[in-house]
Amino acid sequence: MSDIPPDLTWERAAPPDATGPGPWIEIAFGEGDDGEAPVYIRETSDPDNVVTTNRRKWDAFVLGVQAGEFDHFVEGVADAADATAPGKGPHA
């Protein structure tokens with residue numbers, strides 16, 4: 001972890017009303033404002049285990065989440081979407 005800057009400002013990705021220790025994902029942005037600027041990701045339950053990517057990849061991931069590209073990883077989301085699709089579900 002020696003290549004991780006010690007003065008990062010970690011932002012917790014948790015609901016505003018969340019209480020307790022989590023675990024939550026935390027994000028910190030390194031120096032720079034271009035696509036290659038580092039982005040650090042960790043979990044509150046294991047803060048020494050830090051994954052590093054860059055801003056270009058992070059931005060693509062966030063856009064993918066917003067577009068629903070990862071919904072199938074969440075249990076029940078894909079099944080619920082299939083059940084409400086035209087021609088699908090119990091009333092088809």
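Higher on the page you've got the structure.
The structure presented is a predicted model; accordingly, all values stated were derived computationally and were not measured. (Residues numbered from 1 in each chain as written. Predicted model: local features only at pLDDT ≥ 70, side-chain atom pairs only at ≥ 80, totals over all residues. Heavy atoms only, no water.)

A. The nonpolar core, seen in detail. Within the largest apolar cluster, 5 residues are counted, these being Ile4, Leu8, Ala28, Tyr40 and Val50. Those residues in contact with tyrosine 40 that sit more than four places away from it in its chain are Asp3, Ile4, Pro5, Leu8, Trp10, Glu26, Ile27, Ala28, Gly30, Val50, Val51 and Thr52. (Core = buried A, V, L, I, M, F, W, Y, C linked by side-chain atoms within 4.5 Å. Buried < 20%, exposed > 50% of the residue type's maximum accessible area, 1.4 Å probe, protein only. Contact = heavy atoms within 4.5 Å.)

B. Molecular detail of the side chain of asparagine 54. Examined against the element boundaries, asparagine 54 turns out to sit in strand β4 (residues 46-54). A polar contact of 3.2 Å, which involves the side chain of asparagine 54, links it to the backbone nitrogen of arginine 56. From its side chain, asparagine 54 meets the backbone nitrogen of lysine 57 in a polar contact 2.8 Å long. For asparagine 54, the residues in contact, after removing those within four places along its chain, are Gly35, Glu36, Ala37, Pro38 and Val39. (Helix = DSSP H or I, 4+ residues; strand = E, 2+ residues; numbered from the N terminus. Polar contact = N/O pair within 3.5 Å; in protein donor to acceptor, adjacent residues only side chain to side chain.)

C. Examining the side chain of arginine 42 more closely. By the secondary structure assignment, arginine 42 is in strand β3 (residues 38-43). For arginine 42, a relative accessible area of 16% corresponds to the buried category. Look past the residues within four positions of arginine 42 in its chain and what remains in contact with it is Trp10, Trp24, Ile25, Glu26, Pro47, Asn49 and Val50.

D. Focus on the pairing of strand β2 (residues 25-29). Sheet analysis places strand β1 (residues 11-13) next to β2, joined by 3 bridges and oriented antiparallel. For arginine 12, the partnering residue across the bridge sits in β2 and is glutamate 26. Summarising the sheet, β2 and β3 pair through 5 bridges and their orientation is antiparallel. Pairing of alanine 28 across the sheet is with tyrosine 40, part of β3. (Pairing = 2+ DSSP bridges.)

E. Molecular detail of the pattern of salt bridges. Counting across every chain of the model gives 4 salt bridges. The partner of arginine 12 in a salt bridge is glutamate 26, and the shortest N-O contact between them spans 3.1 Å. Taken as a pair, arginine 12 in strand β1 and glutamate 26 in strand β2 lie far apart in primary sequence, 14 residues in all. For the salt bridge of glutamate 26 with arginine 42, the shortest nitrogen-to-oxygen distance reads 2.7 Å. Of the two residues, glutamate 26 sits in strand β2 while arginine 42 sits in strand β3, which places them 16 residues apart along the sequence. Glutamate 26 sits in the buried class, given a relative accessible area of 7%. Counted as one network, the salt bridges with shared partners bring together Arg12, Glu26 and Arg42. (Salt bridge = Lys/Arg side-chain N within 4 Å of Asp/Glu carboxyl O.)

Just distances and angles here, no functional claims.
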